[in-house]
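# Notes for the structure review
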Amino acid sequence: MIRFENVSVSYDGAEHAALSGIDLTVPEGELCLLVGPSGVGKSTLLGTVSGLVPHFTGGTLRGRVTVAGRDTRTHRPRELADVVGTVGQDPLAHFVTDTVEDELAYGMESLGVPPATMRRRVEETLDLLGLAGLRDRPIATLSGGQRQRVAIGSVLTAHPKVLVLDEPTSALDPAAAEEVLAVLQRLVHDLGTTVLLAEHRLERVVQYADQVILLPGPGAAPVVGDPTEIMAV
Ligand code: ADP
Ligand code: ADP
């Protein structure tokens, strides 16, 4: 579903490339965990999938990244909304409206989804993420875990094939983190969504993963395996 072919990224002024010569495949319908120490290039790798690199953060991308066959460099991130949904560490950074329900509808408005389909998708997403009881709540009054579920819901309404998340549980307590991870696992199993999740704390998330990509250090080749293989490294 996601292919990285000889991918390198360099930022202007940086001494070393943030990523070099990455060849990887993320299979469809799996929860794939991207782990490695801070600064090793996890966010950059996710950015090449969402199109943030090079369109928004700068950086020079060499090689090719395709999602469902679409080259992320030749499409603007907006044009990839029905292919890739992106969620960051801080859900508050996502929100542009007041209530949960408005936030779920917002992303679709700019995609030109017809109103009846929009309403159906909002309902479906509220149910899917266990947010139906919170639909009229101002986002500012929600807990961290609830906010992160709204952030996931707000990109899910576009029905993306791939969901990319950068340390989505890092600001959450363990119980809220588990809630979010369980939601992601359900999306993979029930809808066949492909999830690529970056995290520097392997222990917290590894039990939820189908596949793990380890970036061991700057410039080192990725190690790919199932969770038990990676835990042994
Ligand atoms: P990680 O997510 O694993 O912490 P990053 O992808 O954020 O790693 O960073 C990889 C390297 O690229 C680091 O050395 C970081 O300082 C550098 N870097 C990341 N983003 C930028 C940017 N926008 N401009 C310049 N350097 C950057
Ligand atoms: P529409 O595309 O008109 O919104 P539906 O809402 O009926 O049509 O969704 C089409 C199919 O997509 C349904 O089978 C539904 O189960 C499934 N689906 C629901 N949520 C998602 C999602 N987040 N990503 C992908 N498919 C989804």
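Provided above is the structure to which this section pertains.
So, here's what we can say about the structure.

Conventions adopted
Residues numbered from 1 in each chain as written. Chains lettered and ligands numbered in written order. Predicted model: local features only at pLDDT ≥ 70, side-chain atom pairs only at ≥ 80, totals over all residues. Heavy atoms only, no water. Near = heavy atom within 4 Å. Polar contact = N/O pair within 3.5 Å; in protein donor to acceptor, adjacent residues only side chain to side chain. Areas by Shrake-Rupley, 256 points an atom, 1.4 Å probe, with all protein chains shown as cover. Nonpolar A, V, L, I, M, F, W, Y, C, P; charged D, E, K, R; others polar. Pairing = 2+ DSSP bridges. Helix = DSSP H or I, 4+ residues; strand = E, 2+ residues; numbered from the N terminus. Contact = heavy atoms within 4.5 Å. Axes fitted to C-alpha atoms, helices over the stretch in contact; angles between N-to-C directions. Salt bridge = Lys/Arg side-chain N within 4 Å of Asp/Glu carboxyl O. Buried < 20%, exposed > 50% of the residue type's maximum accessible area, 1.4 Å probe, protein only.

Inspection of the region around ligand 1 gives Y11, A18, P37, S38, G39, V40, G41, K42, S43, T44 and T57 as its neighbouring residues. The backbone of G39 places a nitrogen or oxygen atom 2.7 Å from an oxygen atom of ligand 1. In the complex, the protein chains occlude 58% of the 560 Å² of accessible area that ligand 1 would expose alone. A breakdown of the residues in the shell around ligand 1 according to their chemical character gives four nonpolar, six polar and one charged.

Quick look at the sheet that holds strand 2 (residues 19-26) now. The antiparallel open sheet is built from four strands, whose spatial order is 2-1-4-5. With one partner strand each, in any of the chains shown, strand 2 and strand 5 (70-71) form the two edges of the open sheet. Both strand 4 (residues 60-67) and strand 5 contribute to a ladder of two bridges, which runs antiparallel. Bridge pairing links V67 to R70 in strand 5. On the sheet, helix 1 (residues 42-50) packs against strand 1 (2-10), strand 2 and strand 4 and is oriented at approximately 120 degrees with respect to strand 1.

As a further point, take the site of ligand 2. Every residue near ligand 2 is listed here: T117, R120, R121, E124, L156, H159 and L191. Here an oxygen atom of ligand 2 sits 2.4 Å away from a polar atom, N or O, in the side chain of R120. Between an oxygen atom of ligand 2 and a side-chain N or O atom of R121, the distance comes to 2.7 Å. Coverage of ligand 2 by the protein chains reaches 58% of its 550 Å² of free accessible surface. Broken down by element, the shell around ligand 2 gets its largest block of residues, four residues, from helix 4 (residues 115-128). For the shell around ligand 2, the per-class residue count stands at two nonpolar, two polar and three charged.

Going through the model one piece at a time under the given rule, you end up with six salt bridges. Ionic pairing is found between R70 and D82, a salt bridge with its closest N-O pair at 3.5 Å. Of this pair, R70 sits in strand 5 while D82 sits in the loop between strand 5 and strand 6 (84-87); the two residues are 12 residues apart in sequence, bridging distant segments of the chain. On the basis of relative accessibility, which here comes to 28%, the residue R70 falls in the partly exposed class. When the shortest N-O distance is used, the salt bridge between R149 and E179 registers 3.1 Å.

Before going further, it helps to examine unusual backbone geometry. Here the bond from V53 into P54 is cis, since omega is 5 degrees, no more than 30 degrees from zero. With respect to the element layout, P54 can be found in helix 2 (residues 52-55). The phi torsion at H159 lies on the positive side, around 55 degrees, for a residue other than glycine. With a relative accessible area of 40%, H159 lands in the partly exposed category. Here the phi dihedral of E167 falls at roughly 45 degrees; this positive angle occurs in a residue that is not glycine. One can find E167 in the loop between strand 7 (162-166) and helix 6 (174-191). Given a relative accessible area of 9%, E167 falls into the buried group.

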